[in-house]
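Listed below are the residues making up each chain.
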Amino acid sequence: MGNNRLGRWWLAGAAGLLAGLALPPLGLPPLLWLALLPLWALPGLAHGVWGGALWGAAAVLVSHSWLLGLHPLDWIGVPARLSLPLAWLLLLSCAAAASLLVALWVGLARRLNPRRFSSALVLSGLWGLVEVLLAKGPLFWLGLGAVALPGDRALAGLASLGGMGLLAMVQLLLGWCLWRCCSGPDRPGWIAATAAAVLMSHGLGAAALLALPLGTKAGPGPGDGGNVERVLVLQPAIPTRQKFQWVQQVRLQQRLAAALAEAEQRRVDLVLLPEGALGLEPELSPQPPVELIGGGFRWQEVAGEPQQRSALLRFAPGEARASSWLDKHRLVPLGEWVPFAGVGRWSGLSAVGGLQPGAASRLLPRLAGPIAGAICYELSDGAALATAVRNGGGWLLASANLDPYPAMLQQQFQALAQLRAIETGRWLVSAANTGPSLLVNARGKVITALPAGRAASGVFELPRLRSLTPYDRWGEGPLLLGLAAAAVLRWRQ
């Protein structure tokens, strides 16, 4: 009995590790389905809740290991002996949160009898809905809803119908079908049903993907009459640990001047800079000859007290100061925001001090037409971007500074950018300090990208689109209706 119990604990941990590997940057759903098979079996075991906790912790330890790239933190005043322990504390805190959530899910599954299809629908739908809700808060980066990219764009097409919540639900149901193949008496029947479910989900996703318009001058496919904007993306590749040194500031100004000159010469409509590139309350000299949007920081007075905010700052042609902006709403815990920071002396890991969140809307108005913007960590919240698109956003802008994190985070960022493009049916351009600076079309395909880790610039053409995807129109409405119907069916059974 003890050996069996040990083997089951080992299996739960191994399955969690496999789930972490299945997530981007690998992005292979079949690996996740295999990892979900033991998870569905856990509610029937005496130690199932603890096994679920181990599964969740193992998955996050693998998929979020890039957090260790924060070390060393001496450049922001953290003593060397505390730097690595602090990085590990952040990673272990995320693993603990995932451990608790998966354990609660297994506990609920135990009460609902997961062998019933109605129970599987309820449990899968709840998981997907929780991922969407978590993306509104400070402690979520990516989950099962992101696993289809970059390896399975056909399956990811389902996101245009119901967002990442629907994708997470589908992954869990496919894992449930695989579990029933191994645990049910009618194995040939369940094998056939699982194969049919895989084919149907991919067929529906591929059809939804092909239905998304690409816009004018953007290759084959139906257009919806939008115009095209030419944007120049500057990737300065200034190391974050050195960005406030005088030499690096001079280098940034030189690269910005060269980019503006290139933009004027090549008749570009807009110049884009990454998150934090322009510093605090910047004043451009000389004034930009074209519109410029760049990440920076600004002061906002609220109730008589100044608040510092990270923002996308918009400079009209010939303006030295920003005339409009989009404040960052979703701040990174500890990195940019610390609970009760005013009580103590520590205001976070941000090199510019503690920040305050702005408004929830991700819509940035412009004369050429509004766009939907996400600043770094906000890219994980697809619902907010879909709302901005529904309110008129013609394309998506993702601005980030992913240094000093490793390439793993850049690849996850790219996968989320592809997912957001599919959900909203909009082209997306990413401007990042060290990468990924890229162009993604409305069907989630990466069209072009600047070389990671090197200073570079590129001119991208972005069609402005007007048509809305089902997810733009209804958000999580279909998922909620399906969850309610499944709950009623389970109650009747």
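Rules used in this analysis
- Residues numbered from 1 in each chain as written.
- Predicted model: local features only at pLDDT ≥ 70, side-chain atom pairs only at ≥ 80, totals over all residues.
- Heavy atoms only, no water.
- Pairing = 2+ DSSP bridges.
- Helix = DSSP H or I, 4+ residues; strand = E, 2+ residues; numbered from the N terminus.
- Expected span 1.5 Å × (residues − 1).
- Buried < 20%, exposed > 50% of the residue type's maximum accessible area, 1.4 Å probe, protein only.
- Contact = heavy atoms within 4.5 Å.
- Patch = residues over 30% accessible without salt bridge, like charges linked within 9 Å, V, L, I, M, F, W, Y side chains within 5 Å.
- Areas by Shrake-Rupley, 256 points an atom, 1.4 Å probe, with all protein chains shown as cover.
- Salt bridge = Lys/Arg side-chain N within 4 Å of Asp/Glu carboxyl O.
- Axes fitted to C-alpha atoms, helices over the stretch in contact; angles between N-to-C directions.
- Polar contact = N/O pair within 3.5 Å; in protein donor to acceptor, adjacent residues only side chain to side chain.
- Parallel < 35°, antiparallel > 145°, perpendicular 65-115°, else oblique.
- Nonpolar A, V, L, I, M, F, W, Y, C, P; charged D, E, K, R; others polar.
- Core = buried A, V, L, I, M, F, W, Y, C linked by side-chain atoms within 4.5 Å.
- Phe/Tyr/Trp six-rings, centres within 6.5 Å; stacked < 30°, edge-to-face > 60°.

## Considerations on the pairing of strand β11 (residues 446-449)
Looking down a regular strand, the side chains alternate between one sheet face and the other.
Part 1 of the argument: Relative to β11, strand β10 (residues 438-440) runs antiparallel, the two sharing three bridges. Its bridge partner lying in β11, L439 is registered against T448.
Part 2 of the argument: Between β10 and β11, which pair antiparallel in sequence order, lie five residues; one of them, G444, sits at a positive phi of approximately 80°.

## Observations regarding helix α8 (residues 187-210)
Part 1 of the argument: End to end, α8 covers 35 Å across 24 residues, agreeing with the expected 34 Å (1.5 Å per residue, within 8%).
Part 2 of the argument: By the burial criterion, the buried members of α8 are W190, T194, S201, H202, G205, A208 and L209.
Part 3 of the argument: Structurally, α8 contributes buried residues whose contacts are with α2 (29-41), α6 (153-156), α7 (159-183) and α11 (407-424).

## With respect to a nonpolar patch on the surface
Part 1 of the argument: Judged by side-chain polarity, L61, L84, W88 and L92 come together as a nonpolar surface patch covering roughly 340 Å² of accessible area.
Part 2 of the argument: No other element matches the three residues that helix α4 (residues 80-112) contributes to the nonpolar patch.
Part 3 of the argument: Looking at the element boundaries, L92 is found in helix α4.

## Focus: the sheet that holds strand β3 (residues 291-302)
Part 1 of the argument: Taken together, the six strands give an open sheet; going across it, the order is β5-β4-β3-β2-β1-β12, and neighbouring strands pair in mixed fashion. With one partner strand each, in any of the chains shown, β5 (324-327) and β12 (456-463) form the two edges of the open sheet. The mean inter-strand angle of the sheet, taken between neighbouring strand axes irrespective of direction, is 40°.
Part 2 of the argument: As paired elements, β3 and strand β4 (residues 305-315) share 11 bridges and run antiparallel to each other. Following the sheet pairing, E301 is matched in β4 by P306.

## Quick notes on the side chain of R420
Part 1 of the argument: Tracing the sequence through the fold places R420 in helix α11.
Part 2 of the argument: At 3.5 Å, the side chain of R420 and the backbone oxygen of S380 are in polar contact.
Part 3 of the argument: For R420, the side chain forms a polar contact with the side chain of E423, separated by 2.8 Å.
Part 4 of the argument: Ignoring anything within four residues of it in the chain, the contact list for R420 reads M164, L379, S380, D381, G382, L385, L396 and L428.

## Considering the pattern of salt bridges
Part 1 of the argument: Taken as a whole and assessed by the stated rule, the structure comprises 13 salt bridges.
Part 2 of the argument: The partner of E275 in a salt bridge is K328, with the nearest N and O atoms 3.2 Å apart. Taken as a pair, E275 in the loop between β2 (270-272) and β3 and K328 in the loop between β5 and β6 (363-364) lie far apart in primary sequence, 53 residues in all.
Part 3 of the argument: We classify E275 as buried; its relative accessible area is 10%.
Part 4 of the argument: Judged by relative accessible area, which is 1%, K328 ranks as buried.
Part 5 of the argument: Here D327 and R309 are joined by a salt bridge, their closest N and O atoms 3.1 Å apart. Within this pair, whereas D327 is found in strand β5, its partner R309 is found in strand β4, the two being separated by 18 residues in sequence.

## What to know about the packing of α7 against α11
Part 1 of the argument: Remark: α7 packs on α11, axes separated minimally by 8 Å, with the N-to-C direction vectors making an angle of 135°. Of the possible angle classes, the one that applies to α7 and α11 is oblique. Contacts between α7 and α11 involve A159, S160, G163, M164 and L167 from the former and L419, R420, I422 and E423 from the latter.
Part 2 of the argument: Taken together, the residues of the contact of α7 with α11 sort by class into five nonpolar, two polar and two charged.

## What about unusual backbone geometry?
Part 1 of the argument: At the junction of P24 and P25, the peptide bond is cis and its omega measures out at 20° in the coordinates.
Part 2 of the argument: Within the secondary structure, P25 is located in the loop between α1 (2-22) and α2.
Part 3 of the argument: Even without a glycine there, the phi angle at N113 is positive, about 60°.
Part 4 of the argument: Residue classification places N113 among the partly exposed residues on the basis of a relative accessible area of 34%.
Part 5 of the argument: The backbone of A303 shows a phi angle near 55°, a positive value even though the residue is not glycine.
Part 6 of the argument: Take A303: it is sitting in the loop between β3 and β4.

## A few points about the nonpolar core
A general feature of soluble globular proteins is that nonpolar side chains tend to end up buried together.
Part 1 of the argument: Counting 47 residues, the largest nonpolar core has W141, L155, L379, F413, L419, I422 and L428 as its most contacted members.
Part 2 of the argument: For this core, the elements supplying multiple residues, two or more each, are α6, α7, β7 (371-375), α10 (382-390), β8 (396-400), α11, β9 (428-432) and β10.
Part 3 of the argument: A total of nine residues in this core trace back to one element, the largest contributor, which is α11.
Part 4 of the argument: Filtering out sequence-adjacent residues up to four positions away, F413 remains in contact with W141, C376, L379, A398, A400, L402, S430 and P436.
Part 5 of the argument: Counting residues in each nonpolar core, the second largest holds 40 residues, with W40, V122, L172 and L173 among its members.

## Considerations on the packing of aromatic side chains
Part 1 of the argument: On inspection of all chains with the given rule, the structure shows nine aromatic pairs.
Part 2 of the argument: On the basis of an interplanar angle of 80° and a centroid distance of 5.3 Å, the ring pair of W105 and W127 is categorised as edge-to-face. Residue W105 is found in helix α4, and its partner W127 is found in helix α5 (residues 117-134); the two are separated by 22 residues along the sequence.
Part 3 of the argument: Measuring from ring centre to ring centre gives 6.2 Å for W141 and Y377, while their planes differ by 5°; the resulting arrangement is stacked. Of this pair, W141 sits in the loop between α5 and α6 while Y377 sits in the loop between β7 and α10, and the two are 236 residues apart along the sequence.
Part 4 of the argument: Site record: aromatic cluster; members linked through ring pairs are W40, W55, W105, W127 and W179.

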